[in-house]
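Tertiary structure, described
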Amino acid sequence: MTSQGKLIRNLAFACIGMFAFAFALVPLYDVFCDITGLNGKPSLEQAKVSETIDTSRIVDVGFITHIQNKAPFKVSADQAVISVQPGAMSKVVFKAKNISSENRMMQAVPSISPGLAAKYMHKIECFCFNQQALAAGEEADLALMFYIDTALPIEIEELTLSYTVFDITQSGQMGSSQGASK
Amino acid sequence: MNSITQDNESTQEQLDQIKTQEGVSITDHDDTHTEHHHGPEKGIKRWLYTTNHKDIGSMYLVFSLVMFLIGGSMAMVIRAELFQPGLQLVDPHFFNQMTTVHGLIMVFGAVMPAFVGLANWMVPLMIGAPDMALPRMNNWSFWILPFAFAILLGSLFMEGGGPAFGWTFYAPLSTTYSNDNTALFVFAIHIMGMSSIMGAINVIVTIVNMRAPGMTWMKLPLFVWTWLITAFLLIAVMPVLAGTVTMVLTDKYFGTSFFNAMGGGDPVMFQHIFWFFGHPEVYIMILPAFGIVSSIIPAFSRKKLFGYASMVYATASIAFLSFIVWAHHMFTTGMPLAGELFFMYTTMLISVPTGVKVFNWVATMWRGSLSFEVPMLFAIAFVVLFTIGGFSGLMLAITPADFQYHDTYFVVAHFHYVLVTGAIFSIMAGVYYWLPKWTGNMFDIALAKWHFWLSLVSVNVLFFPMHFVGLAGMPRRIPDYALQFADFNAIISIGGFAFGLSQLLFVVVVYKCIKGGDKVPAKVWDAAEGLEWEVDSPAPYHTFETPPKIKN
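I will try to describe carefully the structure that is included in this document. (Residues numbered from 1 in each chain as written. Chains lettered and ligands numbered in written order. Predicted model: local features only at pLDDT ≥ 70, side-chain atom pairs only at ≥ 80, totals over all residues. Heavy atoms only, no water.)

**Digging into the overall build of chain B**
Each helix and strand in chain B was counted, giving 17 helices and 0 strands. A globule of 552 residues ought to have a C-alpha radius of gyration of about 24 Å, and chain B, at 23 Å, matches this closely. Counting only C-alpha atoms and orienting by the principal axes, one finds that chain B spans roughly 75 × 50 × 45 Å. Per-residue burial for chain B yields a buried fraction of 61% across its 552 residues. Nonlocal contacts in chain B, meaning residues at least 24 apart in sequence, comprise 83% of its contacts between residues at least 6 apart. In the form shown here, chain B has an accessible surface area of approximately 20500 Å², with 69% of it arising from carbon and sulfur atoms. Once the 25 positive and 33 negative side-chain charges of chain B are each reduced to a mean point, those two points are 7 Å apart. (Helix = DSSP H or I, 4+ residues; strand = E, 2+ residues; numbered from the N terminus. Rg over C-alpha atoms; globule rule 2.2 N^0.38 Å. Buried < 20%, exposed > 50% of the residue type's maximum accessible area, 1.4 Å probe, protein only. Contact = heavy atoms within 4.5 Å. Areas by Shrake-Rupley, 256 points an atom, 1.4 Å probe, with all protein chains shown as cover. Lys, Arg positive; Asp, Glu negative; His and termini not counted. Charge placed at Lys NZ, Arg CZ, Asp CG, Glu CD.)

Here's what the structure looks like:
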């Protein structure tokens, strides 16, 4: 192959490589955020129970819910803010209601602000670990059990746990022929 | 373009004449070569089938001029709507389509093809090559462009309208909330990307393999250097853009969840991937401009370019830094402090090599024997106004300040200073500089000066007040605004209409110059340097079939 041919081949490979790199950015982004805890995405795995309690300080944890795309649910925490000691277990109950006249599947996606606090929020039990099936008009109490890691940086005095609630009825339950296009 | 098609005998004669007159060191063309000196085909076939770098360069330039006028008329719609507060002329959805398609057309249709056109015309002439390395691919990379823009512009006339989510097509605007014509947008971008990538491969292979003997790397004209680096940027990031639009396509139509939190994706990740492409992209649109200005300023200062080597290294550093600053577009997405500081400092670091360039241009002019021909006027305006755009960019780089400036007209003012008075002014400077070489005729100087001064005044009336309304809080991309901004917006719109109309003068100047005018010698500007001034004016259809000898 001529030197020109080699150069053209290498440049073409570089293009293909960069196209692949764009897709590689997707898992890389997740791994990077996982390691650094930069984007406020909390872990979706059940944590171990805490062993120590830091009684020297108190952290305020707020709960907000946001219904995405007018999904037919009402979800709210029974307490808007609670004060906890790092390491101590807390339980918060969320009231969820399906306000439509059909059976629905609900999925809550958590996010924590400030983002750096995400990896210090350990959930023992969370309704966000699973999809929730709610029959027409059904009301349910959904539990969240968590504790704040004692290693939480001292400058973080309050954090907010936000749930975005999605209606995943089409893709989750009915398997759907109409799902993808809208 | 008729003037290019003159027959070879006279071309050869003129060439000989010039050689005897000016002692130009081009190797003699062997007489046996004369039979290869055939002219272009006649009629439309010449343009459809051409593999000649000059024809393709001309087509790129004409295409980008047409796109510049189309994108500009969309800007006129935007400014007409914003002339007064309230909604009067167009509905908000159409306004959004105008801002979106204006951006896409100007970036991918006007600025980038214009630079590719200049590269096609000038790179082989500057390095002493007979043509581009891959002439058939060159033809193809041009001819797929009209289809891309036909698809994009056609989508405006379809039910639901064209893309309306901003040229940055942030998810979920482009996925969840866009209409079904989004597929057309995606395919148009794919085709534009392929065209750019093929153009970039062609430029690299040409520069690496086809330099005339003796044309060593550090003798390359800066336009060639900047284009070489730009071409590498294109190869690195256009495929990433292709990946991004592909993800948007599959998210929207095939149920994937790259950017959809419901399925485990992340909309913020869209911005990371997009700006990983987007930031090098803005340097793709300015590095060739640096090259053009670096050619013009020495010619009209009658001095060598100050700090040639530092210019090359500065260009390379800017290109490198462009890959590690992307998140400065996203300071308000809730990044952690460490990330904001990193991207703030790397962004500010770019002002160092850029400052080197600006100081080099000024030092070139310092105590030079300046004359103010039209290309020089545009080049000086470029240096001053691009620097204003650079400074507002530095302001935007300051993270805490950016929280105020983000998504306001201050940002609009910033990137129009770097793209209109930066990239577009440099393209116009380049066209005025090389147009006599291309056509063999001098343009109408008086009219060109009118074009310059009208553009200079109106572009500042257009964009300078945007800084103030932006600082006062007027948001981008909104068809209506608070009453307090009314007077400034009226002034901005008047500047906009004046700037738009002034560009019609440019069309007239170019048309008249192609049709005729005072004949020019091979060396159009007396102190211009470079191989392109050693071939005849107009540049013969085939040049440097035997490589020239490079002077030391």
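This is not the end of the story, as more comes after the structure.
**A few points about unusual backbone geometry**
The amide bond that connects A:Ser113 to the next residue, A:Pro114, takes the cis arrangement and shows omega of -5 degrees. As for its position among the elements, A:Pro114 is in the loop between strand E5 (104–113) and strand E6 (121–126). A cis amide bond links B:Ala171 with the next residue in sequence, B:Pro172, at an omega value of 5 degrees. Within the secondary structure, B:Pro172 is located in the loop between helix H6 (145–155) and helix H7 (182–209). We note that B:Arg302 has phi near 55 degrees; this positive angle belongs to a residue other than glycine. Inspection of the secondary structure assignment puts B:Arg302 in the loop between helix H10 (287–301) and helix H11 (308–321). Judged by relative accessible area, which is 31%, B:Arg302 ranks as partly exposed. At B:Asp407, a residue that is not glycine, the phi angle is positive and equals roughly 60 degrees. Topologically, B:Asp407 is positioned in the loop between helix H14 (399–405) and helix H15 (409–439). Residue B:Asp407 is classed as partly exposed on the basis of its relative accessible area, which comes to 36%.

**Notes on the packing of helix H8 (residues 222–253) of chain B against helix H9 (residues 267–284) of chain B**
Residues and elements named next belong to chain B. Running from N to C, H8 and H9 cross one another at 150 degrees; their axes reach a closest spacing of 9 Å. As the angle between them shows, H8 and H9 are arranged roughly antiparallel. Taken as a pair, H8 and H9 cross one another with a handedness that is left-handed. Every residue of H9 that contacts H8 at Thr230, Leu233, Leu234, Val237, Met238, Val240, Leu241, Thr244, Met247 and Val248 is listed here: Phe270, Ile273, Phe274, Phe276, Phe277, Pro280, Glu281, Tyr283 and Ile284. Classifying every residue of the contact of H8 with H9 gives 16 nonpolar, 2 polar and 1 charged. (Axes fitted to C-alpha atoms, helices over the stretch in contact; angles between N-to-C directions. Parallel < 35°, antiparallel > 145°, perpendicular 65-115°, else oblique. Left-handed = near helix turned anticlockwise from the far one by under 90°. Nonpolar A, V, L, I, M, F, W, Y, C, P; charged D, E, K, R; others polar.)

**Describing the state of the cysteines**
Residues and elements named next belong to chain A. Going through the model one piece at a time under the given rule, you end up with 1 disulfide over all chains. Between the sulfur of cysteine 126 and that of cysteine 128 lies a disulfide, 2.3 Å long from S to S. Judged by the torsion about the S-S bond (130 degrees), the cysteine 126/cysteine 128 disulfide is right-handed. In terms of burial, cysteine 126 and cysteine 128 fall into one category: buried. (Disulfide = S-S within 2.5 Å.)

**Some points on a nonpolar patch on the surface**
Residues and elements named next belong to chain B. A cluster of nonpolar side chains, contributed by Phe464, Phe468, Phe488 and Ile491, occupies part of the molecular surface with about 350 Å² of accessible area. If you list the elements that add at least two residues to the nonpolar patch, you get helix H16 (445–471) and helix H17 (486–515). One can find isoleucine 491 in helix H17. Owing to a relative accessible area of 40%, isoleucine 491 belongs among the partly exposed residues under this scheme. (Patch = residues over 30% accessible without salt bridge, like charges linked within 9 Å, V, L, I, M, F, W, Y side chains within 5 Å. Salt bridge = Lys/Arg side-chain N within 4 Å of Asp/Glu carboxyl O.)

**Structural notes on the packing of aromatic side chains**
Residues and elements named next belong to chain B. Under the definition given, this model contains 53 aromatic pairs over all chains. Both rings, one in phenylalanine 274 and one in phenylalanine 277, keep their centres 5.6 Å apart while their planes meet at 70 degrees; by these two values the pair is edge-to-face. Note that phenylalanine 274 and phenylalanine 277 are positioned in helix H9 at a spacing of 3 residues, about one turn of the helix. Residue phenylalanine 274 shares its accessibility class with phenylalanine 277, and that shared class is buried. (Phe/Tyr/Trp six-rings, centres within 6.5 Å; stacked < 30°, edge-to-face > 60°.)

**Notes on the interface of chain A and chain B**
Each side of the interface is counted separately: chain A has 29 residues, and chain B has 37 residues. At the boundary of chain A with chain B, total buried surface from both sides reaches about 2600 Å², with 74% on carbon and sulfur atoms. Between chain A and chain B we count 0 salt bridges in total. At the boundary of chain A and chain B, one finds 1 residue pair in polar contact (both at pLDDT 80 or more). (Buried area = accessible area lost by both parts, 1.4 Å probe. Polar contact = N/O pair within 3.5 Å; in protein donor to acceptor, adjacent residues only side chain to side chain.)

**Here's the deal with the sheet that holds strand E8 (residues 139–148) of chain A**
Residues and elements named next belong to chain A. Sheet architecture is open: 4 strands sit in the order E2-E4-E8-E6, paired in antiparallel fashion. Single-partner strands in this sheet number two, and they are strand E2 (73–77) and E6. Across this sheet, the average inter-strand angle for adjacent strands is 25 degrees, counted without regard to direction. Two elements, E2 and strand E4 (residues 90–98), share 5 bridges in a ladder whose sense is antiparallel. When the sheet's bridge partners are listed, valine 75 is paired in E4 with alanine 96. (Pairing = 2+ DSSP bridges.)

**A closer look at H15(B)**
In H15(B), a bend of some 40 degrees at B:Tyr433 exceeds every other bend along the element, and B:Pro436, a proline, comes one to four places later. Of the residues that open H15(B), the one with a side-chain oxygen 3.1 Å from the backbone nitrogen of B:Phe410 is B:Thr408. (Bend = angle between axes of the 7 residues up to and from the residue.)

**Examining the nonpolar core**
The biggest cluster of nonpolar side chains holds 193 residues, and the ones touching the most others in it are B:Phe108, B:Phe149, B:Trp361 and B:Phe443. If you tally residues by element for this core, the top one is helix H4 (residues 92–127) of chain B, at 22 residues. If near-sequence neighbours (up to four positions away) are discounted, B:Trp361 is found in contact with B:Phe290, B:Val293, B:Ser294, B:Ile297, B:Leu305, B:Met311, B:Phe382 and B:Val383. Counting residues in hydrophobic clusters, the runner-up holds 34 residues, among them A:Ile82, A:Phe94, A:Leu144 and A:Ile148. (Core = buried A, V, L, I, M, F, W, Y, C linked by side-chain atoms within 4.5 Å.)

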